[in-house]
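# Report on the structure
As a plain string of letters, each chain reads:
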Protein chains: 2
Amino acid sequence: MPALIPNISVDCVIFGFHEDTLSVLLTKRVLKDPKSRKIIFSDYTLQGHHVLEGENLEQAAVRVLEEKTGLGNIYLEQFHTFGDTDRLANEKDWLWTRMHYPEVHRHVFSVAYYSLVDSSRFKPDQKHPDAAWFPVKSLPPLGFDHNRMIVMALEFLQHKLRREPVGFELLPEKFTVTQLQKLYETILDTKFDKRNFRKKMAQMPYVVPIREKLTGKAHKPAQMYIFSKEVYEKTKTDNNSFIV
Amino acid sequence: MPALIPNISVDCVIFGFHEDTLSVLLTKRVLKDPKSRKIIFSDYTLQGHHVLEGENLEQAAVRVLEEKTGLGNIYLEQFHTFGDTDRLANEKDWLWTRMHYPEVHRHVFSVAYYSLVDSSRFKPDQKHPDAAWFPVKSLPPLGFDHNRMIVMALEFLQHKLRREPVGFELLPEKFTVTQLQKLYETILDTKFDKRNFRKKMAQMPYVVPIREKLTGKAHKPAQMYIFSKEVYEKTKTDNNSFIV
């Protein structure tokens, strides 16, 4: 592996959605005393790594995502670069960094990306034993400035969801109206009236009903839908409107 | 001045508006042969510089803006970080860089910001003789990947203008409906029907008429308006709506 660039990293806020919970994928970080092997501390961080020599920024983000989750070809968008001088000022972050990456500088600039997955697509396994989903509403203590990154990523996601149908990245391929409504309610942290939501949905030509119904014991069969990117691209307008 | 960080820079896309033209502030870059003082080439770049040791990223952007224009307290927003390995691959960019900043690395990551000013507020002067406004629609040849930066900054500006009243940063304090309409038309590269635009404007409670009229020989006196941030903050809603 080429050397890492000692002052540039990428961090990925990987959002997952399942049932009615929006989660973030985190990695457990454990610092052990090199001699006694006793645990000094443990906490969680986002999936991240330094950019390598000769690597484009975007490539680094894709690499981190694939290495840490095995997931390829998923939604990934750069949203902000964090560059305060005190990002590694917390003693445990600096201790951990020095022990694992002695070449790293004290002032690291981190380019943050967020990505969206149907969280049932990724379950932490033997290859990724330190990864775990945590609900956005009950995060564990996080290293570095990763809490701030998640807060900002969520704002970007909410903004995006109001303007573009990115939420579908978070749903299974086939979904019900109820699932779609829960997704919007969870991310926007609000409630929609069921009838009003169905009216809004009726105005989304790219949400296409299919010949299949979800059957279950407790409910009457529910119509399933898919999202058509093709229809979305053909029907989106709105380019010359503006909100007042 | 502290040493510069050899692989991290900031670049500012400074948009200015006047009459019906959207412009970008550029700096002339001249490379002379060190011995003969003959000009090897000249072109233009955005306002940019490396981040300095011990400086926060945001501070660097503010410093660049102030040093290059003298303008303080203006709208400034980070929009993207450019980190391809070939950003300095063009021979003249690399030559210029080596002659002026021999410590700079070949792979520089640049965090790009855009800012908005009423372009009549800044006129290139003796202190800033190399700065000049260029219409977005007729840019001169630019160094590095600065063309790409401007294209992307414009997309962010267009997006922002449709959602938030940032356009007012580009207008004089007091303006007419016609000026406001031209601003929207120019940035969004479209035409609005005059009556429809006035209807939209009537829905902006934060555009407040004042007791003053613009008088001129050719036209009948036109009502002047100001933008009230206070009214905007109090009246903005839209948080739970989403576009379909």
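Just so it is clear, the model here is predicted, and its values are computed rather than measured.

Basis of the calculations
- Residues numbered from 1 in each chain as written.
- Chains lettered and ligands numbered in written order.
- Predicted model: local features only at pLDDT ≥ 70, side-chain atom pairs only at ≥ 80, totals over all residues.
- Heavy atoms only, no water.
- pLDDT = per-residue confidence, 0-100.
- Helix = DSSP H or I, 4+ residues; strand = E, 2+ residues; numbered from the N terminus.
- Contact = heavy atoms within 4.5 Å.
- Buried area = accessible area lost by both parts, 1.4 Å probe.
- Salt bridge = Lys/Arg side-chain N within 4 Å of Asp/Glu carboxyl O.
- Polar contact = N/O pair within 3.5 Å; in protein donor to acceptor, adjacent residues only side chain to side chain.
- Nonpolar A, V, L, I, M, F, W, Y, C, P; charged D, E, K, R; others polar.
- Least-squares fit on C-alpha atoms with pLDDT ≥ 70 in both.
- Buried < 20%, exposed > 50% of the residue type's maximum accessible area, 1.4 Å probe, protein only.
- Patch = residues over 30% accessible without salt bridge, like charges linked within 9 Å, V, L, I, M, F, W, Y side chains within 5 Å.
- Areas by Shrake-Rupley, 256 points an atom, 1.4 Å probe, with all protein chains shown as cover.
- Lys, Arg positive; Asp, Glu negative; His and termini not counted.
- Charge placed at Lys NZ, Arg CZ, Asp CG, Glu CD.

Glancing now at the confidence of the model for chain A. Residues and elements named next belong to chain A. On average, residues of chain A score 90 in pLDDT, and 96% of them reach the 70 mark or higher. Of all secondary-structure elements in chain A, the lowest mean pLDDT belongs to strand β8 (residues 207-214), at 87, while strand β4 (residues 47-52) reaches the highest, 97. Quick note on the complex model: pTM equals 0.92, ipTM equals 0.90.

Counting residues at the interface gives 38 residues for chain A and 38 residues for chain B. Surface buried jointly by chain A and chain B totals about 3,500 Å² across both partners, of which 56% is contributed by carbon and sulfur atoms. Along the contact surface separating chain A from chain B lie zero salt bridges. Summed over the shared surface of chain A and chain B, the result is eleven residue pairs in polar contact (both at pLDDT 80 or more). Elements that contribute at least two residues to the side of chain A that touches chain B include exactly β1 (4-18), β5 (75-82), β6 (109-118), α3 (146-163), α4 (177-188) and α5 (194-202) of chain A. The residue makeup of the side of chain A that touches chain B, split by class, is 17 nonpolar, 15 polar and six charged.

The next thing to look at is the relation of the copies chain A and chain B. Mapping chain A onto chain B is achieved by rotating through 180° and translating by 0.0 Å along the same axis, at an RMSD of 0.0 Å. Expressed as an axis order, the relation between the two copies is that of a two-fold axis.

With that settled, consider the side chain of A:Arg87. Residue and element names in this part refer to chain A. Summarising the element assignment, arginine 87 is placed in the loop between β5 and α2 (91-100). Look at arginine 87 and you get buried, because its relative accessible area is 7%. Among the polar contacts listed, one links the side chain of arginine 87 to the side chain of aspartate 145, at a separation of 2.6 Å. Those residues in contact with arginine 87 that lie beyond four places of it in its chain are Asp11, Phe82, Val108, Phe109, Ser110, Phe144, Asp145 and Met149.

We now examine unusual backbone geometry. Among all residues except glycine, the phi angle is most often negative; among peptide bonds, the trans geometry is most common. Residues and elements named next belong to chain A. Phi at glutamate 19 is positive, roughly 55°, even though this residue is not glycine. When you line up the elements, glutamate 19 lands in the loop between β1 and β2 (21-32). With relative accessibility at 61%, the residue glutamate 19 sits in the exposed group. Despite not being glycine, phenylalanine 144 has its phi angle at roughly 50°, a positive value. With respect to the element layout, phenylalanine 144 can be found in the loop between β7 (131-135) and α3.

Residue and element names in this part refer to chain A. Taken together, Lys194, Arg198, Lys213 and Lys220 make up a surface patch of like positive charges. In this fold, arginine 198 is placed in helix α5. The class for arginine 198 is partly exposed, based on a relative accessible area of 41%.

A word on the pattern of salt bridges. Per the counting criterion, the structure on display carries 26 salt bridges over all chains. Put simply, A:Arg63 and A:Glu67 hold a salt bridge, and the shortest N to O gap is 3.8 Å. Note that A:Arg63 and A:Glu67 are positioned in helix α1 (residues 57-69) at a spacing of four residues, about one turn of the helix. One salt bridge connects B:Lys137 with B:Asp189, and the closest N-O pair in it is separated by 3.1 Å. Of this pair, B:Lys137 sits in the loop between β7 (131-135) and α3 (146-163) while B:Asp189 sits in the loop between α4 (177-188) and α5 (194-202), placing them 52 residues apart in sequence. Note on B:Lys137: relative accessible area 70%, which makes it exposed. Linked through salt bridges whose partners overlap, the residues forming this network are A:Arg29, A:Asp43, A:Lys92 and A:Asp93.

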